[in-house]
Amino acid sequence: MPCFSTWPRAGSVRSREKKHLYLSRPVFYRKERMVIRKRFDALGNLIAFQEQLNRLFADEFEITDSPSDWIPPVDIYEAADRYVLQAEVPGLDSESIRIEVNQNQLQIHGERKPFAEAEKYHLAEIPHGEFTRNFQLPVAIQSDQVKAQLSDGILIIDLPKQIADEARRIEIR
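Residues numbered from 1 in each chain as written. Predicted model: local features only at pLDDT ≥ 70, side-chain atom pairs only at ≥ 80, totals over all residues. Heavy atoms only, no water.

1. A closer look at the packing of aromatic side chains
Here is step 1 of the chain: A complete count under the given rule lists one aromatic pair for this structure.
Here is step 2 of the chain: Judged by centre distance (4.9 Å) and plane angle (85°), the ring pair of W70 and F131 falls under edge-to-face. Note that W70 is positioned in the loop between β1 (62-65) and β2 (74-78) and F131 in strand β6 (residues 129-136), a separation of 61 residues in sequence. We note that W70, like F131, is buried.
Here is step 3 of the chain: Sitting over the ring of W70, R112 keeps its end group 4.0 Å from the ring centre.
Here is step 4 of the chain: Sitting over the ring of Y83, K161 keeps its end group 5.0 Å from the ring centre. (Phe/Tyr/Trp six-rings, centres within 6.5 Å; stacked < 30°, edge-to-face > 60°. Helix = DSSP H or I, 4+ residues; strand = E, 2+ residues; numbered from the N terminus. Buried < 20%, exposed > 50% of the residue type's maximum accessible area, 1.4 Å probe, protein only. Lys NZ or Arg CZ within 6 Å of the ring centre and 35° of its normal.)

Now the structure itself:
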């Protein structure tokens, strides 16, 4: 509750004589309350937002990757009878990449070794290490018809869709 009893009226003798002892505005006395402020955590909020976006968009193609220093970028597009996956894997040969298909799941695993082993690097921008990419496609894939081609650092995987059995009429006896 405000307390104005010690504040002199404007123009009074008391205000002119002791002007320097008083503040230029009234002082309010109030009961002190403890205020708890939550510290703003930008990185935590950003990570939570990214997890929400991942859950939102994880319906069509379920993607689960292993944590790694290097993950090759991938494009997947659909044609009428197949899916095509393109991955940028510069510096890898066909022996260092493993592709596995199981019904509608595709896994790509590979490793890029460092170009030179050195005790001390002055600058290291080329990523290396193992990677694993897992994709769950919307339909089953014909695993015996899958073809892969590696050319100029681009891996192209042709994934033909499983042909659904045609409906047939059954006669009742």
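2. Comments concerning a nonpolar patch on the surface
Here is step 1 of the chain: On the surface, a cluster of nonpolar side chains totalling about 470 Å² of accessible area is made up of L43, L46, I47, F49 and L53.
Here is step 2 of the chain: Residue placement: L46 occurs in helix α2 (residues 42-57).
Here is step 3 of the chain: Its relative accessible area of 53% is what places L46 among the exposed residues. (Patch = residues over 30% accessible without salt bridge, like charges linked within 9 Å, V, L, I, M, F, W, Y side chains within 5 Å. Areas by Shrake-Rupley, 256 points an atom, 1.4 Å probe, with all protein chains shown as cover. Salt bridge = Lys/Arg side-chain N within 4 Å of Asp/Glu carboxyl O.)

3. As for the environment of E111
Here is step 1 of the chain: Within the element layout of this structure, E111 appears in strand β5 (residues 105-112).
Here is step 2 of the chain: When the C-alpha positions of E111 and R98 are compared, they lie 9.4 Å apart, and in sequence the two are 13 residues distant.
Here is step 3 of the chain: Apart from residues no more than four positions distant in its own chain, E111 is found in contact with L92, S96, G129, E130 and F131. (Contact = heavy atoms within 4.5 Å.)

4. Focus on the sheet that holds strand β8 (residues 154-160)
Here is step 1 of the chain: Reading across from one edge, β2-β3-β8-β7 is the order of the four strands in this open sheet, with antiparallel pairing throughout. Only two strands of the sheet have a single partner each, and these edge strands are β2 and β7 (147-151). Between one strand and the next, the sheet's axes are offset by a mean angle of 15°, whatever the strand orientation. (Pairing = 2+ DSSP bridges. Axes fitted to C-alpha atoms, helices over the stretch in contact; angles between N-to-C directions.)

5. Describing the nonpolar core
Here is step 1 of the chain: Core analysis: the biggest nonpolar cluster contains 16 residues, and L85, V89, I108, L155 and L159 have the highest contact counts within it.
Here is step 2 of the chain: With near-sequence residues (within four places) excluded, V89 lies in contact with W70, P72, I97, F131, L150, G153 and L155. (Core = buried A, V, L, I, M, F, W, Y, C linked by side-chain atoms within 4.5 Å.)

6. Quick word on unusual backbone geometry
Here is step 1 of the chain: One non-glycine residue, Q103, lies in positive phi territory at about 55°.
Here is step 2 of the chain: Examined against the element boundaries, Q103 turns out to sit in the loop between β4 (97-102) and β5.
Here is step 3 of the chain: For D152, which is not a glycine, the phi torsion comes out positive at approximately 55°.
Here is step 4 of the chain: Inspection of the secondary structure puts D152 in the loop between β7 and β8.

7. Considering the pattern of salt bridges
Here is step 1 of the chain: Scanning the model with the defined rule gives five salt bridges in all.
Here is step 2 of the chain: The salt bridge involving E78 is made with K161; its shortest N-O contact spans 2.4 Å. In this pair, E78 sits in strand β2 while K161 sits in the segment after β8, placing the two residues 83 residues apart along the sequence.
Here is step 3 of the chain: Classification of K161 by relative accessible area gives buried; the value is 17%.

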